[in-house]
Amino acid sequence: MAQSALIVIDMINTYDHDDAALLIPSVQESLPGVTRLLHRARELDVPVIYVNDNFGQWRSHHGEILETALKGPHADLVRPIAPDDGSLFVVKARHSAFYETPLGYLLTQQGVDHIVLCGQVTEQCVLYSALDAHIRHLRVTVARDAVAHIHPDLAEAALRMMERNMGARISTAEDVRF
């Protein structure tokens, strides 16, 4: 049976990096969309999978990543979208949610053939994850109001590329069909 999954990319974040000042305003803008998607996915029993950078902390696990972000100066950006007990969590080290992670296997085990992407950064991790999903023959939806960017022009170009080159459906969080 075909199934959708919500993939939340890199939202568990301390925002302690060079591009944070450019990224944070966009995260604040996208947070309501991410929150809406999480609420709807959980209400519909759609699997929610957080795929998050480990920030080079190779001994860390998802609990430590979340705890560190919640203790940081930008906990207000993490608290509203924190994983619940039913959420799944995949740690990644590179841009794509699929690159050398068990995400592909997890999606197969869950019977997922459609993923909804939200999170950050549109022109980086979201774009590369959409491409890797596309080459795995997964249907992809990106909620444009639930993704955050560093550079608005590159984010717009990335959304156009996902739609045109990868056949991704670009919609609002409200219009996402799981």
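Computed from a prediction, not measured in an experiment: that's the story for all the values here.

## Thoughts on the pairing of strand β1 (residues 3–9)
Logical step 1: Most of β1 is tucked away, with six of its seven residues classed as buried.
Logical step 2: Two strands pair when backbone bridges link them, and β1 and strand β4 (residues 112–120) are joined in this way by seven bridges, in the parallel orientation. Counted as the bridge partner of I7 is L117 from β4.
Logical step 3: The sheet contact formed by β1 and strand β2 (residues 48–53) spans four bridges and is parallel. For I7, the partnering residue across the bridge sits in β2 and is I49.
Logical step 4: Note that the unit made of β1, helix α1 (residues 20–43) and β2 has a crossover that is right-handed.

## Observations concerning the sheet that holds strand β6 (residues 169–171)
Logical step 1: Read across the sheet, six strands follow the order β3-β2-β1-β4-β5-β6 without closing on themselves; strand pairing throughout is parallel. Each having just a single partner strand, β3 (88–92) and β6 make up the two edges of the open sheet. For this sheet, the mean angle separating the axes of adjacent strands, direction not counted, is 25 degrees.
Logical step 2: As paired elements, β4 and strand β5 (residues 139–148) share six bridges and run parallel to each other. Bridge pairing in β5 places V116 opposite T141.
Logical step 3: Across the sheet, helix α5 (residues 152–166) touches β5 and β6, and the angle it forms with β5 is around 165 degrees.

Rules and cut-offs
- Residues numbered from 1 in each chain as written.
- Predicted model: local features only at pLDDT ≥ 70, side-chain atom pairs only at ≥ 80, totals over all residues.
- Heavy atoms only, no water.
- Buried < 20%, exposed > 50% of the residue type's maximum accessible area, 1.4 Å probe, protein only.
- Helix = DSSP H or I, 4+ residues; strand = E, 2+ residues; numbered from the N terminus.
- Pairing = 2+ DSSP bridges.
- Right-handed = clockwise from strand over helix to strand, strands pointing away.
- Axes fitted to C-alpha atoms, helices over the stretch in contact; angles between N-to-C directions.
- Contact = heavy atoms within 4.5 Å.

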